[in-house]
Amino acid sequence: SRMATSLRCTAEANASTSQHVRGLDYKELLDRRRRGMCPALFLAPMEGLGDRRFRRAFERSIGGFDEACTEFIRVPSKVENPEKMAAGLAKSYDKNELVQGTPIAAQLMGSNPELLALVATLLCERGAPRIDLNCGCPANKVTGNGAGSTLLKAPEHLHRCAEAIATAIRSASAETIMTVKMRSGFDDASLLVDNLYAAQEAGAEFLTLHPRTKADGYRVRAKWEHIGMAKDILHIPVVGNGDVISVATAQGILAETGCDGIMIGRGAVQDPFLFHRFRSAWGGSNAGFASEAEDVCRFVCCFAEEIQGVDLMHRGRKCHGATSARVNEGKMNSLKQVCKYLFTQNASMQAGLSPLLRTSPHSCTFEAFLKLVLQEIRSRWTPGGLQTDVQVDHFSYKR
């Protein structure tokens, strides 16, 4: 059946889980664009959307990116037992998470340099190829604790946090590199230059800039000129991020900013073939995706399998009062979260989204809901990429 065809990812993926992660030479990767090759392509960390289930499903089914990054690992500012805390947080990172061998970086978020360094040391021991400091998360629950984009208010403290991670990496004698991902600022971009230099001087091997402020959220267009300015003043590579949703916008950000690579988050959920479209535009092959709708269904089925896998793992533990209805609702909401992006692909897909989002977990099982989603994709998906220019703010969707 077509459902079985879409589910063909399982056996091969499971057989490859023990393979070694491919090595990644970041200097060579970020030099590709200068040599006329497809620029470095990074899958962005996305809190609340791009979790382990999403990353594994995306890589197993479609992929195309050079490296992924975990959603932020939250390092508290105060703790009674630092060693126990660090061990517990570092344990969440698995360098073999992605079954096709794509490297995965670890992102840390916090404001205590000593505790960040402690966790970074353990991440090095677990084989993380890159440790990224989050200086961009705009969520109020994060910034209220002095982390994320709050670090952009104080370049000196941003420097201390980044330098602590870089020093920990050097002390561990690891091949790991330290990088920083930041927004243009908190309320405005007045401290952007200071923050850029703070990251570079702290030892960042490259920097990713999402050119919106915390106050902007995702409501305004990304100010690519900020990326161009960063490229002009820094001597480390700069990766551009923000509003890259098509080959045309990828070419636009490269031409306007001169950035060394591209990091894509929400755009890759809206069009899962985006990385492959980029590679094809730069002379690569787009073979293997003759039927886009079926391959999108494959991705959705892989994601559903990951959701079910987590559910089965939890069933083996005490449920702490969780009912089957609540579990069903949680699984459906996870799939609805991805659908909110996938179903912006064209006007017909957008028309089919609202009924799916209104589907009640009290009257529909997860399996039945998955079948509805697949039917809508098969009947509405249009090959060729995003047909509409829609920006989706995932912080506006409460699971």
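Here, residues in each chain are numbered from 1, in the same order as that chain's written sequence. Owing to the predicted nature of the model, reporting of local features is limited to residues with pLDDT of at least 70; listing and counting of side-chain atom pairs is limited to 80 or more, with chain, interface and lining totals taken over all residues. Heavy atoms from the whole structure form the basis of all side-chain values; hydrogens and water molecules are not counted.

Draft legend 1. View of the environment of T167. Secondary structure elements are defined from DSSP: runs of H or I of at least 4 residues count as helices, runs of E of at least 2 residues count as strands, and each element is numbered from the N terminus. Turning to its location among the elements, T167 is positioned in helix α8 (residues 155–171). Once the C-alpha coordinates of T167 and G203 are considered, the two residues, 36 residues apart in sequence, prove to be 8.5 Å apart.

Draft legend 2. Region of the structure containing the side chain of N112. Positionally, N112 belongs in the loop between β4 (104–109) and α6 (113–125). Residue classification places N112 among the buried residues on the basis of a relative accessible area of 16%. Here the side chain of N112 touches L115 through a polar contact of 3.1 Å, landing on its backbone nitrogen. By definition, residues are in contact when any of their heavy atoms lie within 4.5 Å. Leave out the neighbours within four places in its chain, and N112 touches P76 and S77. Here the term buried applies to any residue with accessible area under 20% of the maximum for its type, exposed to any over 50%, and partly exposed to those in between, with areas from a 1.4 Å probe on protein chains only. Identification of polar contacts relies on pairs of N or O atoms within 3.5 Å, with a donor-acceptor requirement for protein atoms, meaning one able to donate a hydrogen and the other able to accept it, and with residues adjacent in sequence counted only if both atoms are side-chain atoms.

Draft legend 3. Representation of the side chain of T102. Among the secondary structure elements, T102 is positioned in the loop between α5 (82–90) and β4. The exposure class assigned to T102 is buried, which follows from its relative accessible area of 4%.

Draft legend 4. Region of the structure containing the confidence of the model for the protein. Across the protein, pLDDT averages 88, with 86% of residues at or above 70. Below a pLDDT of 50 lies the segment residues 312–319, which in the model reaches 1 contact outside its immediate sequence neighbourhood of four places, other chains included. A score between 0 and 100, pLDDT records how confident the predictor is in each residue.

Draft legend 5. Layout of the pattern of salt bridges. Any carboxyl oxygen of Asp or Glu that lies within 4 Å of a side-chain nitrogen of Lys or Arg is treated as forming a salt bridge with it. Within this structure, the stated rule accounts for 20 salt bridges. A salt bridge links R60 to E305; the nearest nitrogen and oxygen atoms lie 2.8 Å apart. One end of the pair, R60, is in helix α4 (residues 52–61); the other, E305, is in helix α14 (residues 292–315), with 245 residues separating them in the sequence. In this structure, the salt-bridge partner of D260 is K231, at a minimum N-O distance of 2.7 Å. Placement of the pair is D260 in the loop between α11 (247–257) and β9 (261–264) and K231 in helix α10 (residues 224–233), with a sequence separation of 29 residues. Residue D260 is classed as buried on the basis of its relative accessible area, which comes to 13%. Its relative accessible area of 26% is what places K231 among the partly exposed residues. By sharing partners, the salt bridges in this structure join E28, D31, R34 and R35 into a single network.

Draft legend 6. Examining the packing of helix α16 (residues 347–358) against helix α17 (residues 366–380) more closely. One can describe the packing of α16 onto α17 by two numbers: an axis separation of 10 Å at closest approach and a directional angle of 165°. Classed by the angle they form, the pair α16 and α17 counts as roughly antiparallel. The two elements α16 and α17 cross, and the hand of that crossing is right-handed. For the pair α16 and α17, the contacting residues are S348, M349, A351, G352 and L356 in the first and F369, L372, V373, E376, I377 and R380 in the second. For the contact of α16 with α17, the residue count by class is 7 nonpolar, 2 polar and 2 charged. Axis definition: a line fitted to C-alpha atoms, limited for helices to the stretch in contact. Angles are taken between N-to-C directions and run from 0 to 180 degrees. Convention used here: angles under 35 degrees read as roughly parallel, angles over 145 as roughly antiparallel, angles from 65 to 115 as roughly perpendicular, and any remaining angle as oblique. Two helices crossing with the near one rotated counterclockwise from the far one by less than a right angle form a left-handed crossing, whereas a clockwise rotation gives a right-handed crossing. Under the scheme applied here, ten amino acids are nonpolar (Ala, Val, Leu, Ile, Met, Phe, Trp, Tyr, Cys and Pro), four are charged (Asp, Glu, Lys and Arg), and all others, including Gly, are polar.

Draft legend 7. Structural view of the packing of α8 against helix α9 (residues 192–202). Running from N to C, α8 and α9 point in directions that differ by 20°, and their axes come no closer than 8 Å. As judged from the angle between their axes, α8 and α9 are roughly parallel. As for how α8 packs across α9, the hand of that crossing is right-handed. Residues P155, L158, H159, A162, E163 and A166 of α8 lie in contact with α9, whose contacting residues are D194, N195, A198, A199, E201 and A202. Its residues placed into classes, the contact of α8 with α9 shows 7 nonpolar, 2 polar and 3 charged.

Draft legend 8. Quick look at the pairing of strand β1 (residues 40–43). Judged by which residues are buried, β1 turns out to be covered on both faces: A40 and F42 on one side and L41 and L43 on the other are all buried. Any two strands with at least two DSSP-identified bridges between them are counted as paired. Inspection of the sheet shows β1 paired to β9 by 4 bridges, in the parallel sense. Counted as the bridge partner of A40 is G261 from β9.

Draft legend 9. Structural view of the packing of aromatic side chains. Any Phe, Tyr or Trp ring, taking Trp's six-membered ring, that has another such ring centre within 6.5 Å forms a pair; planes under 30 degrees apart are called stacked, those over 60 apart edge-to-face, and the others tilted. According to the stated counting rule, one finds 8 aromatic pairs in the structure shown. Ring geometry for F42 versus F206: centroids 5.5 Å apart, planes at 40°, classification tilted. Of this pair, F42 sits in strand β1 while F206 sits in the loop between α9 and β7 (207–213), placing them 164 residues apart in sequence. Neither F42 nor F206 differs from the other in exposure class; each is buried. Pairing F58 with F299 gives two aromatic rings, centres 5.8 Å apart and planes at 65°, and the pair type is edge-to-face. Linking F58 in helix α4 with F299 in helix α14, this pair joins segments that are 241 residues apart in sequence.

Draft legend 10. Summary view of unusual backbone geometry. Although it is not a glycine, D243 adopts a positive phi angle of roughly 65°. Within the element layout of this structure, D243 appears in the loop between β8 (238–241) and α11.

Draft legend 11. Examining the nonpolar core more closely. In this text, buried Ala, Val, Leu, Ile, Met, Phe, Trp, Tyr and Cys residues form a nonpolar core when linked through side-chain atoms within 4.5 Å. If you look at the biggest cluster of nonpolar residues, it comprises 102 residues, and the most contacted ones within it are L108, L123 and M182. Top element by residues in this core is α14. It accounts for 10 residues. Those residues in contact with L123 that sit more than four places away from it in its chain are I73, A90, Y93, A106, L108, A128 and I131. Judged by nonpolar contacts, the second largest core, of 10 residues, contains Y26, A40, I177 and F206.

Draft legend 12. Region of the structure containing the state of the cysteines. By disulfide we mean two sulfur atoms from cysteines, separated by a distance within 2.5 Å. In this structure the tally under the stated criterion is 0 disulfides. Unpaired in this structure, C161 has its nearest cysteine sulfur neighbour in C135, at a distance of 7.6 Å.

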